[in-house]
Amino acid sequence: MKPSRRKFLQTSAVLSTLLPFTSLFAKSKTAEPTKPVVISTWDFGKPANAEAWKVLTNKGRALDAVEMGVHVPEADPLITTVGYGGAPDRDGHVTLDACIMDEFANCGSVAGLEHIVHPISVARKVMEKTPHVMLIGDGALQFALANGFKKQNLLTPASEKAWKEWLKTANYKPIVNIENHDTIGMLALDMNQNLSAACTTSGMAYKMRGRVGDSPIIGAGVFVDNEIGAATSTGVGEEVIRICGSHLVVELMRQGNSPQEACEKAVGRIVKNQPKKSKEMQVGFLAINKNGEHGAFALQKGFTFAVYSNSINNELFEAKSYY
Ligand code: SD4
């Protein structure tokens, strides 16, 4: 019997939707996946990776690995861009942003959270215990306290001193590559070949009260699609939000770009939006695909990242840059 024209059209439509996945699968079949692997932003990515690696090599979930990994800089008072010891806003409040996403597209986020050392774990609780994705400010704090998190002062004497110094001029000018740490974004692929991502920060130093950056925004600060890959960002969050940065990187990988090409194209998009401003600010992207291949690219030199896998022993690299 001759197949009807309608049936033919239906079959072609199905085939054409399947095609990109089929070709991706064909590609991935040739390469043996690197797993587990964990990759994270900046110099402080190294100690964070080491913690995540323990979870991954114990056959733990990528989700647990990224949460445990970013706890390290969150708790370190000497790191002035994440968690405890983070630089305050211009009114002297330390307000934290964080988000987390797993292989099932579950995600949770907090923004403008005060007094809690581990915002990433509050974000995970938002993901697991609420019908929502994002809680902010007082509501996020109330939720954290109700879930057993302890309230504490996050403004260290050193950060307070630096803020008071800043108040003398009160000139808001984000510093590129501040002491080689900034936001921590972490991506992991576990032994079961599942991906997760986490991102946590105190945001831009001396930001306006209430300012939210890219880091707690799913699709900007992190994005995970377990069929394709995961991405995270660091730097001037406003520019990342404008291009839905991490989502863009993952979608570029879906279109067949390598993680490296995807990061480069996303940075190129920022340059296209802001040809002048982009010369004086930093934005960096990290990406990993389902095979454990990674990529990194930034606007400016100096964006470092750490990689831990079976073949790379938690080494630091400097990303290539547009300028
Ligand atoms: C933000 N991307 O809040 C974050 C933090 C950061 O330099 O990277 N600060 O925009």
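Please read all numbers here as calculations on a predicted model, not as lab measurements.

### Things to note about the side chain of Ser40
(1) Moving on: Tracing the backbone through its elements, the reader meets Ser40 in strand S1 (residues 37-41).
(2) Moving on: The class for Ser40 is buried, based on a relative accessible area of 0%.
(3) Moving on: At 3.2 Å, the side chain of Ser40 and the backbone oxygen of Gly45 are in polar contact.
(4) Moving on: When residues no more than four places from it in sequence are discounted, the contact partners of Ser40 are Gly45, Asn49, Ile184, Gly185, Met186, Leu286, Phe305 and Ala306.

### Here we look at the sheet that holds strand S6 (residues 195-201)
(1) Moving on: The eight strands lie next to each other as S4-S3-S2-S6-S5-S1-S11-S12, forming an open sheet whose pairing is mixed. Because the sheet does not close on itself, it has two edges, and the strands there are strand S4 (134-136) and strand S12 (315-318). In this sheet, neighbouring strand axes are inclined to one another by 10 degrees on average, regardless of whether the strands run parallel or antiparallel.
(2) Moving on: Note that S1 and strand S11 (residues 304-309) share five bridges and pair antiparallel. Residue pairing for S11: Ser40 is matched across the bridge by Ala306.
(3) Moving on: Helix H2 (residues 45-57) rests against S1, strand S5 (184-189), S11 and S12 of the sheet, and its axis sits at about 155 degrees to S1.
(4) Moving on: In the packing of helix H5 (residues 137-146) onto the sheet, contacts are made with strand S3 (107-113) and S4, and the angle to S4 comes to roughly 105 degrees.

### Observations regarding the confidence of the model for the chain
(1) Moving on: For the chain, mean pLDDT is 91; residues scoring 70 or higher make up 90% of the total.
(2) Moving on: The low-confidence segment residues 1-29, where pLDDT is below 50, has six contacts with residues more than four positions distant or belonging to other chains.

Criteria and thresholds
Residues numbered from 1 in each chain as written. Predicted model: local features only at pLDDT ≥ 70, side-chain atom pairs only at ≥ 80, totals over all residues. Heavy atoms only, no water. Helix = DSSP H or I, 4+ residues; strand = E, 2+ residues; numbered from the N terminus. Buried < 20%, exposed > 50% of the residue type's maximum accessible area, 1.4 Å probe, protein only. Polar contact = N/O pair within 3.5 Å; in protein donor to acceptor, adjacent residues only side chain to side chain. Contact = heavy atoms within 4.5 Å. Pairing = 2+ DSSP bridges. Axes fitted to C-alpha atoms, helices over the stretch in contact; angles between N-to-C directions. pLDDT = per-residue confidence, 0-100.

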